[in-house]
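# Close look at the chain arrangement
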Amino acid sequence: MSKNRHEGLGLTDEQVLDMFKTMLLARKIDERMWLLNRAGKIPFVISCQGQEAAQVGASFALDREQDYVAPYYRDMGVVLAFGMTAKDLMLSGFAKNEDPNSGGRQMPGHFGQKKNRILTGSSPVTTQVPHAVGVALAAKMEKKDIVSFVTLGEGSSNQGDFHEGLNFAGVHKLPVITMVENNKYAISVPIERQLACEKVSDRAQGYGMPGVTVDGNDPLAVYEAVKEARDRAVKGDGPTLIEAVSYRLTAHSSDDDDRQYRESEEVEEAKKKDSIITFASYLKEVGILTDEVEKEINGEIGNLVNEATDYAENAPYADPEDALKFVYEA
Ligand SMILES: Cc1ncc(C[n+]2csc(CCOP(=O)(O)OP(=O)(O)O)c2C)c(N)n1
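The protein is annotated in an unreviewed UniProt entry as 2-oxoisovalerate dehydrogenase subunit alpha of Virgibacillus oceani. The Function (unreviewed entry) comment attached to the protein in UniProt states, word for word, "The branched-chain alpha-keto dehydrogenase complex catalyzes the overall conversion of alpha-keto acids to acyl-CoA and CO(2). It contains multiple copies of three enzymatic components: branched-chain alpha-keto acid decarboxylase (E1), lipoamide acyltransferase (E2) and lipoamide dehydrogenase (E3)." UniProt annotates the protein under Cofactor (unreviewed entry) with the comment "thiamine diphosphate".

Written out as structure tokens, the structure reads:
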């Protein structure tokens, strides 16, 4: 038995520090976006806060040079781990021409970047599941040793697309990993009103695949589950459903007031388990992080977010006639 949990999982000190930095970068970009929204500078924010550990832990277990991801709107941790930058995300937040995903057309949170194999998505929730299953089918047909990874919220696991996608993946034993980020709410609807079964992962049985529930505040637990799922997938043993349980620390989006449907005590309680704090404590316990290094990292990330904000704010919008590009008929 290894002294440190991450060593037991085959992760180096450098890799876990890199995980922490990616989680922190996601958090800091997200916090800045709220400020920009409240200052009237960007139109919309949909947060990753509370879900960074699951997103980054999962991404580090994938092959970030080859695998495909179909993220959902909260997955800032996933897309940063797969190569998007603070600047890319800010350009999208400000809807500027240089936004790598859509030239300013997509809503914020609708990530996408072809060069990093990040599939862009639609606003109707869960549409990304059949897309990811299609990528996995292509990988199997082309005999490539890659997986496709798709995420969604637990509320979205009630949509038809979830059933269609997972059933097809189960029948054809496709290399797709589905991770449901269970943050306990679907806008104002609490988990008790969303599912009749106990856990989202119980649903895996109906699709003939393993289903596991892990602590979504623990990046190492999520890493372990996704790594195992990836190993099975590339061996030809088929798909896996993973449920990562955490808590949505912000309102659903910049456009709702969560005080109308949940108690502030509940949010405060969840903040005690915030992975940014608990993972930093772990890294300090095992001697990888010190208060001094943490301060330095915070400073570096702060600078990065400042530069990205300034760049995106000053970047040009698309020309109005660009709205006619990429349409079938104009
Ligand atoms: C098909 C569809 N129905 C409704 C909506 C409106 N909507 C956007 S997000 C959301 C809640 C989704 O909750 P969940 O899947 O739990 O994800 P979370 O936002 O909590 O991360 C809803 C109902 C939508 N975008 N698409």
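## Details of the pattern of salt bridges
Pairs can form between side chains of opposite charge whenever their charged atoms are close. The tally for this structure, following the rule as stated, stands at 15 salt bridges. Ionic pairing is found between Asp 218 and Arg 5, a salt bridge with its closest N-O pair at 2.9 Å. Linking Asp 218 in the loop between strand S6 (211-215) and helix H8 (219-234) with Arg 5 in helix H1 (residues 5-8), this pair joins segments that are 213 residues apart in sequence. Among the residues examined, Asp 218 registers a relative accessible area of 17% and is labelled buried. Taking relative accessible area as the criterion, Arg 5 reaches 38% and is therefore assigned partly exposed. A salt bridge links Arg 230 to Asp 67; its shortest N-O distance comes to 2.7 Å. Taken together, the positions of Arg 230 in helix H8 and Asp 67 in the loop between helix H3 (52-60) and strand S1 (68-70) put the pair 163 residues apart, joining distant regions of the chain. Take Arg 230 and Asp 67: they sit in the same class, and that class is buried.

Cut-offs and rules
- Residues numbered from 1 in each chain as written.
- Predicted model: local features only at pLDDT ≥ 70, side-chain atom pairs only at ≥ 80, totals over all residues.
- Heavy atoms only, no water.
- UniProt positions renumbered as here; feature names shortened; annotations may be inferred.
- Salt bridge = Lys/Arg side-chain N within 4 Å of Asp/Glu carboxyl O.
- Helix = DSSP H or I, 4+ residues; strand = E, 2+ residues; numbered from the N terminus.
- Buried < 20%, exposed > 50% of the residue type's maximum accessible area, 1.4 Å probe, protein only.

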